[in-house]
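What follows is the residue order along each chain.
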Amino acid sequence: MIYTLQNESLTVQICDLGAELRSAVCRADGTEYLWQRDPRFWGDTAPWLFPICSRFYGGKYTYEGNTYEMGCHGFARKLPYTVTEQSATTLTLQLSECEETLKSYPFAFLFTISYRLEGATLSCTATMKNKDGKVMPATFGAHPGFNVPMGGCGKFEDYYLDFGEGASPDEIILTDDCFDSGRRMAYPLREGRYLDLKRSLFAIDGHFFANVPEAVTLRSDSAPHAVTIRYPGSRYFGFWTESDPDADFLCLEPWNGLPSYANGEIEDLAEKNDMFRLQPGAEKSFVVAIDFQ
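How each quantity is defined
Residues numbered from 1 in each chain as written. Predicted model: local features only at pLDDT ≥ 70, side-chain atom pairs only at ≥ 80, totals over all residues. Heavy atoms only, no water. Salt bridge = Lys/Arg side-chain N within 4 Å of Asp/Glu carboxyl O. Buried < 20%, exposed > 50% of the residue type's maximum accessible area, 1.4 Å probe, protein only. Pairing = 2+ DSSP bridges. Helix = DSSP H or I, 4+ residues; strand = E, 2+ residues; numbered from the N terminus. Axes fitted to C-alpha atoms, helices over the stretch in contact; angles between N-to-C directions. Contact = heavy atoms within 4.5 Å. Phe/Tyr/Trp six-rings, centres within 6.5 Å; stacked < 30°, edge-to-face > 60°. Lys NZ or Arg CZ within 6 Å of the ring centre and 35° of its normal.

Q: Describe the pattern of salt bridges, with residues and values.
A: Here the structure, examined in full by the defined rule, presents 14 salt bridges. One salt bridge in this structure joins Glu191 and Arg190, with 3.5 Å as the shortest N-O distance. On the basis of relative accessibility, which here comes to 35%, the residue Arg190 falls in the partly exposed class. A salt bridge links Asp196 to Arg190, with the shortest nitrogen-to-oxygen separation between them at 2.8 Å. One salt-bridge network, in which partners are shared between bridges, spans Asp162, Glu165, Arg193 and Arg219.

Rendered as structure tokens:
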């Protein structure tokens, strides 16, 4: 089911499947900011990643002597949520453990996504809670895709990312099969803040940075619209699209976790890198705010 939030600035649509943001339209001129799910290139719009970001080596992990399988980015993006609160400008959806999740993740949990529309800003809060009687390793991330060009203005290569003054990100060097090599390398930005988009950047996959500011803006100097994504406290930031020139989108991805290390070993979940380890009854929240300009 699709739910609609609306005010004087935006009309926003959210699906109960994956609690996924599906549309954000400027009411002044009808511009759609979000990618509209073309399966030729990428069939999602803005999935939530839980209880992992990216992938396990071999698609498997061990926990307490048992082996489990889990696909890329976890299962939260593929399951229906229950709406627990709704108004003209707010929506809260929840997912909890079920027979399907317990096959791949042996924990009782509550995963909540709350949206709030204020002016031209959509604030999104993801909260994971440990309902189990044991420590729960988990992490989460966001993966929204935006139309590039926006409103048909210009071409992909006219757009750039603005990290703000004084940015000095370190790129997380991934292997060709998208696992963490363990290496980090300073990534030079134009004038110390700008990253110009070009298709060749995505010949293999996307890019992920550590040591980043808590906001980035996607814009073109020749386009009237832009988006700023703010992610206070997130550990990493990534950006990705398909290399095909007809794939007119860019994903801006604040994450709190990374893929497995490229060491050829199946990991023990209790020891996996970049996981929060929630005590019984504890919870952890992650905020993403999108300013639509």
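Additional details are given in the paragraphs that follow.
Q: Give me the sheet that holds strand S6 (residues 66-69): which residues, what numbers.
A: Consider a sheet: its strands pair through backbone hydrogen bonds, and that pairing is either parallel or antiparallel. With mixed pairing, the three strands of this open sheet are ordered in space as S6-S5-S23. Of all strands in the sheet, those with a lone pairing partner are S6 and strand S23 (267-268), marking the two edges. The pairing of strand S5 (residues 60-63) with S23 spans two bridges and is parallel. Bridge pairing in S23 links Tyr61 to Glu267.

Q: Could you give me a rundown of the sheet that holds strand S14 (residues 159-162), with the residues and numbers involved?
A: The strand order across the open sheet formed by nine strands is S7-S8-S9-S10-S25-S20-S19-S14-S17, and the pairing between neighbours is antiparallel. Among the strands making up the open sheet, the edge pair consists of strand S7 (82-86) and strand S17 (194-196). If you compare each strand with its neighbour and ignore which way they point, the axes differ by 15 degrees on average. Two strands pair when backbone bridges link them, and S14 and S17 are joined in this way by three bridges, in the antiparallel orientation. Paired with Leu161 across the two strands is Leu195, which belongs to S17.

Q: Give me the side chain of Ser104: which residues, what numbers.
A: Take Ser104: it is sitting in helix H1 (residues 99-104). Looking at Ser104, the relative accessible area reads 12%, which means it is buried. Not counting residues within four places of it along the chain, the set of residues in contact with Ser104 comprises Tyr61, Tyr68, Glu69, Met70 and Phe75.

Q: Describe the pairing of strand S20 (residues 227-230), with residues and values.
A: Sheet topology places strand S19 (residues 215-220) next to S20; four bridges connect them, and they run antiparallel. The partner of Val216 across the bridge, within S20, is Ile229. In sequence, S19 turns back onto S20 through a hairpin of six residues. Bridge analysis of S20 against strand S25 (residues 283-292) gives four bridges, and the strand direction is antiparallel. When the sheet's bridge partners are listed, Arg230 is paired in S25 with Ala289.

Q: Go over the packing of aromatic side chains, please, and point to the residues and values.
A: Summed over all chains, the structure comprises 30 aromatic pairs. Ring centres 6.4 Å apart and planes at 80 degrees place the aromatic pair Phe156 and Phe202 in the edge-to-face group. Here Phe156 is found in the loop between strand S13 (145-147) and S14, whereas its partner Phe202 is found in the loop between S17 and strand S18 (207-210), with 46 residues between them in sequence. Neither Phe156 nor Phe202 differs from the other in exposure class; each is buried. Through pairs of rings, three or more aromatic residues link up here, namely Phe156, Phe163, Tyr187, Phe202, Phe209, Tyr231, Phe237 and Phe239. One cation-aromatic arrangement involves Arg190 over Tyr160; the distance from NZ or CZ to the ring centre is 5.7 Å. A cation over an aromatic ring shows up here: Arg199 above the ring of Phe156, its NZ or CZ 3.9 Å from the ring centre.

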